[in-house]
Amino acid sequence: MTLPLDLIPAPLSAEHRGSAPGHVSLDGRTTLDAGPGTGTTARWLRTTLGAATGLPLADGPGPHAIRLRIDAEVEREHGPEGYRLSTGTDGAAVVIEGGGPAGVFWGAQTLRQLLGPEAYRRAPVTDRGPGLPLVTLSDRPRFGWRGLLLDVSRHFLPKDDVLRYLDLLAAHKLNVLHLHLTDDQGWRIEIERHPKLTEVGSWRARSKWGHRASPLWDDTPHGGFYTRDDIREIVAYAAERHITVVPEIDLPGHSQAAIAAYPELGNTDVVDTTALTVWDTWGVNPNVLAPTETVLRFYEGVLEEVLDLFPSPFVHIGGDECPKDQWKASPAAQARIRELGLSGEDELQSWFIRHFDRWLTARGRRLIGWDEILEGGLAEGAAVSSWRGYAGGIAAAEAGHDVVMCPEQQVYLDHRQAPGEDEPMPIGYVRTLEDVYRFEPVPPGLAPEAAAHILGTQANVWTEVMENRARIDYQVFPRLAAFAEVAWSALPAPGTRDYPGFERRMDTHYRRLDALGVDYRPPAGPHPRQRRPGVLGRPLEGTPPIV
Ligand code: ACM
């Protein structure tokens, strides 16, 4: 008999060398033997696994050690994020050899899974030392970009909840947190030189309760922002977990909160921007940035501070859903189009994007934007988040641009996860756990040279109808577990995902999520407290068109 390991995401290979748990156990003698470059993992094991097990995990080698090493051969075979893990071999309790520091860390995440759901608690619930099965496994990620977007603008997610999400990403071997920091409904990052962005732009008087067609309002004022030190803490906490935080400053659309704070940023010749407030409802907003030098200088100042805080090679500048009505009506915008020799408003949008592409490139960073940045000419060197389906990503990849696949039809986790009246504020198409599990990030038929530009994939969580962390948990889990496997685990051949096998492994994974305190959607449907009876969503019927 072999015991199921129930690892999620599934590893590349696992050899199970025994029939019962407990051949190797962690106890008061267990030490940490951390080689050069493995400090993040040693710290994480001591704090997180140490808390769950109550074990001191003192430094030192020996037969009871958890041995952490960086190994050149593992790097050659599996890359810097790959690892080998074995228990009860080579004169140690556990050996984790990573291709690089990140590989060692992902190996430690696997070790935690092998220790059982109790290893996900913050204090021991038993005085029995945790037992380990005898295993040897090799593993590596399929994609280098395995991301989650959190929209912290529509509803502010307090800093502690962001840190908790970083832990949840790490537990699923995801390595990118894309923070959507600005939108019409709130500006969430302190910018020293423009203090009104948060003094004014991070607060709204009330919020639409439900989708925008809902007649209901939540009259509780809403808002909040991250200070510079909050951001530094988030970025450092992520780096300790080998996660990159990609900041998004959305322009030239999705900008009403910024315009409410600084009315001169808007199209003042067509709208009284001094009368604008931070938006309190949802949808695509007509109040976009004016194409002026003042606006360019303002956002360069914003981005200078963003670059100071975020070491990420990629900086996301949005570029999505920018209605052109105000530019069409604005004599100033029309004069700008003529002066720049542009063909029209679409090119004006490209001009905005190209400006910041050059600006970021000159500072050693790379621009990433939503697939609308393809319209009117794609900026050089820019990468694309393909959200409106596969098409933008295919066009970008075929033109030699890097792509992150996040099609709304498949991996927008705000979309409802079951049919029926019980889903809270149901949005979009039904995308079940199985649908997400079967998502394929590389579009079928893409030529290999183009496919090489698919950096990876990302699940996006837009929070219009998620007023707090519990609602986010409900939408994100359990589907993020399926997504993690899509992003991490290579398939032997296309279309070979074994959903029944995944569901079986999920039995154990739900117990891990329970121990972590994740408020996931139970397989049988929402708990009563997870429902929102009578609050309108916007469900779409049928099967989503895959475009
Ligand atoms: C988007 O969903 N507007 C990127």
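Calculation rules
- The numbering scheme is per chain: residues are counted from 1 as the chain's sequence reads.
- Since the coordinates come from a predicted model, pLDDT governs what is reported: local features require at least 70, and pairs of side-chain atoms require 80 or more to be given and counted, while whole-chain, interface and lining totals use all residues.
- Excluding hydrogens and water, the side-chain values take into account all heavy atoms of the structure.
- Secondary structure is summarised from DSSP: a helix means a run of H or I of at least four residues, a strand means a run of E of at least two, and numbering begins at the N terminus for each.
- Expected helix span is computed as 1.5 Å times (number of residues minus one).
- The seven residues ending at a residue and the seven starting there each receive a fitted axis; the angle between those axes is the bend at that residue.
- A 1.4 Å probe rolled over the protein chains alone gives each residue an accessible area, and that area as a share of the maximum for its type sets the label: buried under 20%, exposed over 50%, partly exposed in between.
- Residue contacts are defined here by distance: any two heavy atoms, one from each residue, within 4.5 Å place the two residues in contact.
- We call two N or O atoms a polar contact when they sit within 3.5 Å, provided that within protein one can donate a hydrogen and the other can accept it, with sequence-adjacent residues counted only if both atoms are side-chain atoms.
- Aromatic pairing here means that ring centres of Phe, Tyr or Trp (its six-membered ring) are within 6.5 Å. Orientation follows from the plane angle: under 30 degrees is stacked, over 60 is edge-to-face, and everything else is tilted.
- Here, over-ring charges are defined by two tests on the NZ atom of lysine or the CZ atom of arginine: distance to the ring centre within 6 Å, and angle to the ring normal within 35 degrees.

**Here's the deal with helix H18 (residues 499-516)**
- Between its terminal C-alpha atoms H18 stretches 24 Å, which fits the 26 Å expected from 18 residues at 1.5 Å a residue.
- Along H18, the largest kink reaches about 35° and is centred on Asp-507.
- Those residues of H18 that fall on the buried side of the exposure criterion are Tyr-499, Gly-501, Phe-502, Arg-505, Met-506, Thr-508, His-509, Tyr-510, Arg-512, Leu-513 and Ala-515.
- The elements touched by buried residues of H18 are helix H3 (101-114), helix H14 (433-437) and helix H17 (479-488).
- Of the residues flanking the start of H18, the one acting as N-cap is Asp-498, its side-chain oxygen 3.0 Å from the backbone nitrogen of Gly-501.
- Taken from the residues just after H18, Gly-517 is the one with a positive phi, measuring 75°.

**Brief notes about unusual backbone geometry**
- With an omega of 0°, the peptide bond running from Ile-8 to Pro-9 counts as cis.
- For Pro-9, the location among the structural elements is in the segment before strand S1 (13-16).
- A cis amide bond, omega -5°, links Leu-251 with the succeeding residue Pro-252.
- Counting through the fold element by element, Pro-252 comes out in the loop between strand S18 (244-251) and helix H7 (256-261).
- A positive phi angle is found at Leu-57, which is not glycine, with a value near 50°.
- Note on Leu-57: relative accessible area 2%, which makes it buried.
- Look at His-242: it is not a glycine, yet its phi comes out positive at around 60°.

**Examining the packing of aromatic side chains**
- Throughout the structure, instances matching the rule amount to 18 aromatic pairs.
- Centroid distance Tyr-437 to Tyr-499: 5.8 Å. Interplanar angle 55°. Geometry classified as tilted. Residue Tyr-437 is located in helix H14, and its partner Tyr-499 is located in helix H18; the two are separated by 62 residues in the primary sequence. Side by side, Tyr-437 and Tyr-499 carry an identical accessibility label, which is buried.
- On the numbers, 5.0 Å between centres and 45° between planes, the contact of Tyr-510 with Tyr-520 is tilted. Residue Tyr-510 is located in helix H18, and its partner Tyr-520 is located in the loop between H18 and strand S25 (538-539); the two are separated by ten residues in the primary sequence.
- Three or more aromatic residues joined by ring pairs form one cluster here, namely Trp-44, Phe-105, Trp-106 and Trp-488.
- Cation over ring: Lys-173 sits above Trp-488, and NZ or CZ is 5.7 Å from the ring centre.

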